[in-house]
Amino acid sequence: MSAQTASIIVTFGTVFFAIAVTLWAVRLTRGVREANLGWRRRAEVLEDKVNQADSIFAAHPGLVLVWPDAADAEENEWTAPRIFGSQVALGSMLKFAQSAKHVDPARAILEGLADYEARDSSGAETTLRERLKALHTLGEPFSMTIIGPNGHFLEADGRAAGIQIVLWLTDSTIKGLEESGARGRLEELRHSIAKDPVAFIDMLSKAPEPVWRLSSGLKLDWANAAYLRAVEARDLDDAIDRQLALDPQIKILAGEVIETGQMKSLVQAVVVGGQRHHYDIACFPISGGVACQANDVSAAEALRDTLHLQARAHDETLDHLADAVVIFSSEQKLIFHNTAFASLFGLDENWLESSPSHGDWLDYLRERRRIPEQAKYQEWKQAELAHYTERPDAEAPDVLWHLPDGRILRVARLAHPLGGLLFIFEDMTDQVNLKAQFTTLINVQKATLDKLTEAVAVFGADGRIRLHNASLEALWQLGPKDIAEGEPFDAVAQKCRILFPDINYWSDMKARITDPGGEIRVHKDGEIKRIDGSVLTWLSHPLPDGASVVAWSDVTDSKNVQKSLEDRAAAIQAAADLKSHFVEHVSYQVRAPLTTISGYADLLESGYAGPLSDKLKGPVDAIQTASVQLTTMLENILEVAAVEAGTLALELNDVDPFVIIGDVVALVQTRAEQTRVHIKVDCPEDIGMLRADGPRLKQVLYNLMRNALTYTEAGGSIRIGASSEENMVRFWVADDGIGIDEEKRAQVFEEFESGKGGGAGLGLALVRSLVDLHGGLVRLESEKNQGTRVTCLLPRLASTENAVPELELQGLAETR
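Because the structure is a prediction, the values reported are computed rather than measured. (Residues numbered from 1 in each chain as written. Predicted model: local features only at pLDDT ≥ 70, side-chain atom pairs only at ≥ 80, totals over all residues. Heavy atoms only, no water.)

J.: Whenever I open this one, the pairing of strand β17 (residues 421-427) confuses me. Can you help?
T.: With five of seven residues buried, β17 is to be regarded as a mostly interior element. As judged from the five bridges shared by strand β13 (residues 324-328) and β17, these two strands associate in the antiparallel manner. Within β17, the residue paired with isoleucine 327 across the bridge is leucine 422. Strand direction decides the pairing type here: strand β16 (residues 408-415) and β17, joined by seven bridges, are antiparallel. By the bridge assignment for β17, valine 411 is matched with phenylalanine 425. With antiparallel pairing between neighbouring strands as the criterion, β16 and β17 make up a hairpin whose turn holds five residues, including glycine 419 at a positive phi of roughly 100 degrees. (Buried < 20%, exposed > 50% of the residue type's maximum accessible area, 1.4 Å probe, protein only. Helix = DSSP H or I, 4+ residues; strand = E, 2+ residues; numbered from the N terminus. Pairing = 2+ DSSP bridges.)

Rendered as structure tokens:
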């Protein structure tokens, strides 16, 4: 076969194949058109049926709600139902959807009707929400009458149609009473007869507490006057338009009521009229929504707050007490303890927070030896726990716990007002010890007072005698049982008036004891003479604790001795005055002839009557020496008399002790040379000035030097000196003579006490007197055959008590 032939065969084959395909396509297209035409005719038939059904539903006087998928309805009963029915029925039902939250009309209508009061075919109370839920979940059909507001009655029937849920709603008002079922008429009649809505609404409107109603959509649709005042609304329409609420929390509470079908309440603080109030708000389900009532419990809340504060203050007060406090409940559990309790028993706070029982607490303490040791612990423990049942309302007597560590606790048990027991533990260790010490002290004081010869009594601030000694009974001649402790002052004074009946004395004494003022309760003493002739000194003295101590002492013998001493002193003074007068008189009478004798002796010695022979010179010298000695003695006598009479006044000047000592040594140097006694001076030239009477100081040292020369043997030595000691100047004269016998040392400074060589013995007496006038003192040290040392200690500034005033002294100096 040639190539051309093959090509022709392929071409014809292709043409025949194309013709065959075309014929098959034309046949197939004709079948499709016929099928489409059949489906179109069927759709038209179905559409006619749907339109017919819609016309039928439109003629129905109610609404029909259909849930095509029951499974979806189980999850949410309001899930997108289809709505069928007349426009009139839809418009009638939509008024129930005004308070609903949903935009979809079917869901809004159901939400509005779900919680209205309703009755099923058996007459039992129910709600649309409850029956729909049972229909969706269990497939239970229902027929019910819903009692709506303003006299509306609705018939509701629910059925399951395969997998679909269908609800028929019919408004009896639209349908007409003649067409409504007997059940609707009966419910309307029951509702009208059983309730008086006008009277009920009037009662609620005038209620003093806020009352209001919320729809199932939580919208306010009615409130009384009290509610309107609380939310500051002009009228009910204003409150509804603005949806005024007492508090946002109330809407949440009402939502919980709708969901649970149970009453809910809460106490909420609300500001009303600018003042804060506490309201007890109760919300409960009713037909078509929720009813709420608010009771003003501000006073109760204030009392509750006050009680809470008082309880808190009570707990804080107990916590700050020094005594340990613990409270166990009626179940014997620890419910409170203060800080002192944990510290007293050394308890762990974490353990206490676990609220141990009373028995566990006792066991805990027993393990640590912090309760009294008990031979039969279990019996003692049961006796302790028995206080909860045996005497729950009675106050048990206090007991003492003696702990092993030596502490003593006072335990007080009290019935707690809320049940259980309250325990107070007080550490009495120090108090018991102090009481024992105090008792011992009182006994010691009592024993001490009984040993006193003075009568002592202690009276309290109330005037009752607390303490007295045996001398009080003896002094006032009372028996041992005549004075009892605690006896009033008046009773004691009445018994003492027998010996001293002065009423004013006892009245003043009582005032000082019992008067609380500080002006009268002062120390006072005095002297009384009783009718038996005895003399008592007394004193009353206030004590720090408000008590007073009164003491009497019998000084009759002392007074007698005192009188004797006074008589003797008077006699001695008279003798001294006589002596002074005699000395002055004798001195004056002796001075004149002594001057004459001395003068004539001087004339004889000067050769006035001619030269003296050697035989006469001795007697003339003796006369002159005796005249000087007698003159010195007279001067000393007059000085002593002046000191004793208090007429001698010092003329104070600045005196240099070094110069004074030099002048005195110069006066006695001749005699010392004659008696071959060596004089040593021990005084620094810069010793400083001394405020003193220079001539008198010189006289003191001169008398001491003359006395030392008298008692120092030939070849002996005398030391005179001075030294400075702070504000004092010490002068001394010491010799190594024969010394002074021990029995005579105390008398050498007495007047007219003479030693070796005779004489009046006034030199040392005058020394002591002049040093005393300067405010100084004289000290004598002497040993037999060892010598004598006399020290005069004078202040830098002599006492001005016995001195001539400075101005007068200055005037005397200018006069001279």
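J.: Hey, could you run me through the packing of aromatic side chains in this one?
T.: For any pair of aromatic rings, geometry is given as the distance between the ring centres together with the angle between the planes. A complete count under the given rule lists 22 aromatic pairs for this structure. Between tryptophan 506 and tryptophan 552, the ring centres sit 6.3 Å apart and the planes meet at 45 degrees, which makes this aromatic pair tilted. Of the two residues, tryptophan 506 is situated in helix α20 (residues 503-514) and tryptophan 552 in strand β22 (residues 548-554); the sequence distance between them amounts to 46 residues. Take tryptophan 506: its relative accessible area is 2%, and that puts it in the buried class. The class for tryptophan 552 is buried, based on a relative accessible area of 4%. Grouped by ring-pair contacts, the aromatic residues Phe328, Phe341, Phe345, Trp361, Tyr377, Trp380, Trp401, Phe423 and Phe425 constitute a single cluster. When the ring centre of tyrosine 377 is taken as origin, the NZ or CZ atom of arginine 366, which lies over that ring, is 4.2 Å away. When the ring centre of tryptophan 476 is taken as origin, the NZ or CZ atom of arginine 530, which lies over that ring, is 5.0 Å away. (Phe/Tyr/Trp six-rings, centres within 6.5 Å; stacked < 30°, edge-to-face > 60°. Lys NZ or Arg CZ within 6 Å of the ring centre and 35° of its normal.)

J.: Can you walk me through the packing of helix α15 (residues 358-367) against helix α16 (residues 377-385) in this structure?
T.: Helix-helix packing: each pair is described by the crossing angle between the helix axes and the interaxial distance. Where α15 meets α16, the axes come as close as 10 Å, and the angle between the chain directions of the two elements is 140 degrees. Here α15 is positioned oblique relative to α16, judged by the angle of their axes. The two elements α15 and α16 cross, and the hand of that crossing is right-handed. The residues of α16 that touch α15, namely those facing His358, Gly359, Leu362, Asp363 and Arg366, are Tyr377, Trp380, Lys381, Glu384 and Leu385. A class-by-class count of the residues in the contact of α15 with α16 yields four nonpolar, two polar and four charged. (Axes fitted to C-alpha atoms, helices over the stretch in contact; angles between N-to-C directions. Parallel < 35°, antiparallel > 145°, perpendicular 65-115°, else oblique. Left-handed = near helix turned anticlockwise from the far one by under 90°. Contact = heavy atoms within 4.5 Å. Nonpolar A, V, L, I, M, F, W, Y, C, P; charged D, E, K, R; others polar.)

J.: How do you make sense of the pattern of salt bridges when you look at a structure like this?
T.: Opposite charge on two side chains lets them pair, provided their charged atoms get close. This model, assessed by the stated rule, comprises 21 salt bridges. Of the charged contacts, one joins aspartate 532 and arginine 530 as a salt bridge, the two residues approaching to 3.4 Å between their closest N and O atoms. Judged by its relative accessible area of 39%, aspartate 532 is partly exposed. Sharing partners across several salt bridges, the network here consists of Arg234, Asp238 and Arg242. (Salt bridge = Lys/Arg side-chain N within 4 Å of Asp/Glu carboxyl O.)

J.: Whenever I open this one, a negative patch on the surface confuses me. Can you help?
T.: A contiguous patch of negative charge on the surface is contributed by Asp315, Asp319, Asp348, Glu349 and Glu353. At the level of elements, α12 (298-320) and α14 (349-353) are the ones that each hand at least two residues to the negative patch. With respect to the element layout, glutamate 353 can be found in helix α14. A relative accessible area of 58% places glutamate 353 in the exposed class. (Patch = residues over 30% accessible without salt bridge, like charges linked within 9 Å, V, L, I, M, F, W, Y side chains within 5 Å. Areas by Shrake-Rupley, 256 points an atom, 1.4 Å probe, with all protein chains shown as cover. Lys, Arg positive; Asp, Glu negative; His and termini not counted. Charge placed at Lys NZ, Arg CZ, Asp CG, Glu CD.)

J.: In this structure, what is going on with the nonpolar core? I would like to understand it.
T.: The nonpolar side chains of a soluble globular protein tend to be buried, and buried together. Judged by nonpolar contacts, the single largest core of 41 residues is most densely connected at Ile661, Leu704, Met705 and Phe731. Counting only elements with at least two residues in this core, the list comes to α23 (657-674), β25 (690-692), α24 (694-710), β26 (717-725), β27 (728-735), α25 (763-773) and β29 (787-795). With seven residues, the top contributor of residues to this core is α24. With residues up to four places along the chain from it excluded, the contact list for phenylalanine 731 reads Pro657, Ile661, Leu690, Leu697, Leu701, Gly721, Ala722, Val790, Thr791, Cys792 and Leu794. (Core = buried A, V, L, I, M, F, W, Y, C linked by side-chain atoms within 4.5 Å.)

J.: Looking at this structure, how should I read helix α11 (residues 248-260)?
T.: Think of an α-helix as 3.6 residues a turn; residues three or four steps apart then line up on the same face. Here α11 has its buried residues at Ile250, Leu253, Ala254, Gly255, Val257 and Ile258. Contact partners of the buried residues in α11: α5 (128-138), β8 (211-215), β10 (264-272), β11 (275-286) and β12 (289-296). A distance of 2.9 Å separates the backbone nitrogen of glutamine 249 from a side-chain oxygen at the start of α11, and that oxygen is part of aspartate 247. Positive phi appears at glycine 261, one or two residues downstream of α11, with a value of about 70 degrees. (Polar contact = N/O pair within 3.5 Å; in protein donor to acceptor, adjacent residues only side chain to side chain.)

J.: Teacher, can you tell me more about unusual backbone geometry here?
T.: It is generally the case that most residues other than glycine have a negative phi and that most peptide bonds are trans. Phi angles above zero are rare outside glycine, and arginine 369 is one such case at about 55 degrees. Looking at the secondary structure, you find arginine 369 in the loop between α15 and α16. A positive phi angle is found at arginine 676, which is not glycine, with a value near 55 degrees.

J.: Mind showing me how you'd approach α15 here?
T.: Among the residues making up α15, those that are buried are His358, Gly359, Trp361, Leu362, Tyr364 and Leu365. Summarising the contacts, the buried residues of α15 are in contact with β13, α13 (339-345), α14, α16, β15 (399-402) and β17.

J.: Looking at this model, I keep getting lost on the sheet that holds strand β28 (residues 777-783). Mind explaining?
T.: In a beta sheet, neighbouring strands pair by backbone hydrogen bonds and run either parallel or antiparallel. Here five strands make up an open sheet; going across it, the order is β24-β26-β27-β29-β28 and the pairing mixed. Strands at the two margins of the open sheet, each flanked by one partner only, are β24 (678-682) and β28. Taken over all neighbouring pairs, the strand axes of this sheet differ in orientation by 15 degrees on average, direction set aside. Across five bridges, β24 lies against β26 in parallel orientation. Within β26, the position partnered with aspartate 682 by the bridge is glycine 721. Strand contacts of α23: β24, β26 and β27, with the helix running at about 175 degrees to β24, the strand carrying the most contacts.

J.: Looking at this structure, I do not really get empty space enclosed by the protein. What am I missing?
T.: Empty space among the atoms becomes visible once a probe the size of a water molecule is rolled across them. Inspection of every chain in the model, using the stated rule, returns four cavities of 30 Å³ or more. Within this model, the largest cavity holds a volume of roughly 90 Å³. In terms of lining residues, the largest cavity is bounded by Leu704, Asn707, Ala708, Tyr711, Val733, Asp735, Gly739, Ile740, Leu764, Thr788 and Val790. Secondary structure elements with two or more residues in the lining of the largest cavity: α24, β27 and β29. Element by element, the count of residues in the lining of the largest cavity is highest for α24, at three residues. Looking at the lining of the largest cavity residue by residue, the classes come out as seven nonpolar, three polar and one charged. (1 Å grid on protein atoms, 1.4 Å probe; cavity = no way out; pocket = protein on both sides within 12 Å on 5 of 7 lines; lining within 4 Å. Points joined across faces, edges and corners; volume = space filled by probe spheres on them.)

J.: Could you clarify how one ought to interpret the sheet that holds strand β14 (residues 334-337) in this entry?
T.: With respect to topology, five strands assemble into an open sheet ordered β14-β13-β17-β16-β15, the strand pairing being antiparallel. Both edges of this open sheet fall to β14 and β15, since each of them pairs with a single strand only. Averaged over all pairs of adjacent strands, the angle between their axes in this sheet comes to 25 degrees, without regard to strand direction. In terms of strand pairing, β15 meets β16 through four bridges, oriented antiparallel. Following the sheet pairing, histidine 402 is matched in β16 by isoleucine 408.

J.: Looking at this model, I keep getting lost on the packing of α23 against α24. Mind explaining?
T.: Axis separation between α23 and α24 bottoms out at 9 Å; the angle between their running directions is 35 degrees. Of the two possible hands of crossing, α23 and α24 adopt the one that is right-handed. Here Ile660, Ile661, Asp663, Val664, Leu667, Val668, Arg671 and Ala672 of α23 lie close against α24, whose contacting residues are Gly694, Leu697, Lys698, Leu701, Tyr702, Met705, Arg706, Leu709 and Thr710. Its residues assigned to classes, the contact of α23 with α24 comprises 11 nonpolar, two polar and four charged.

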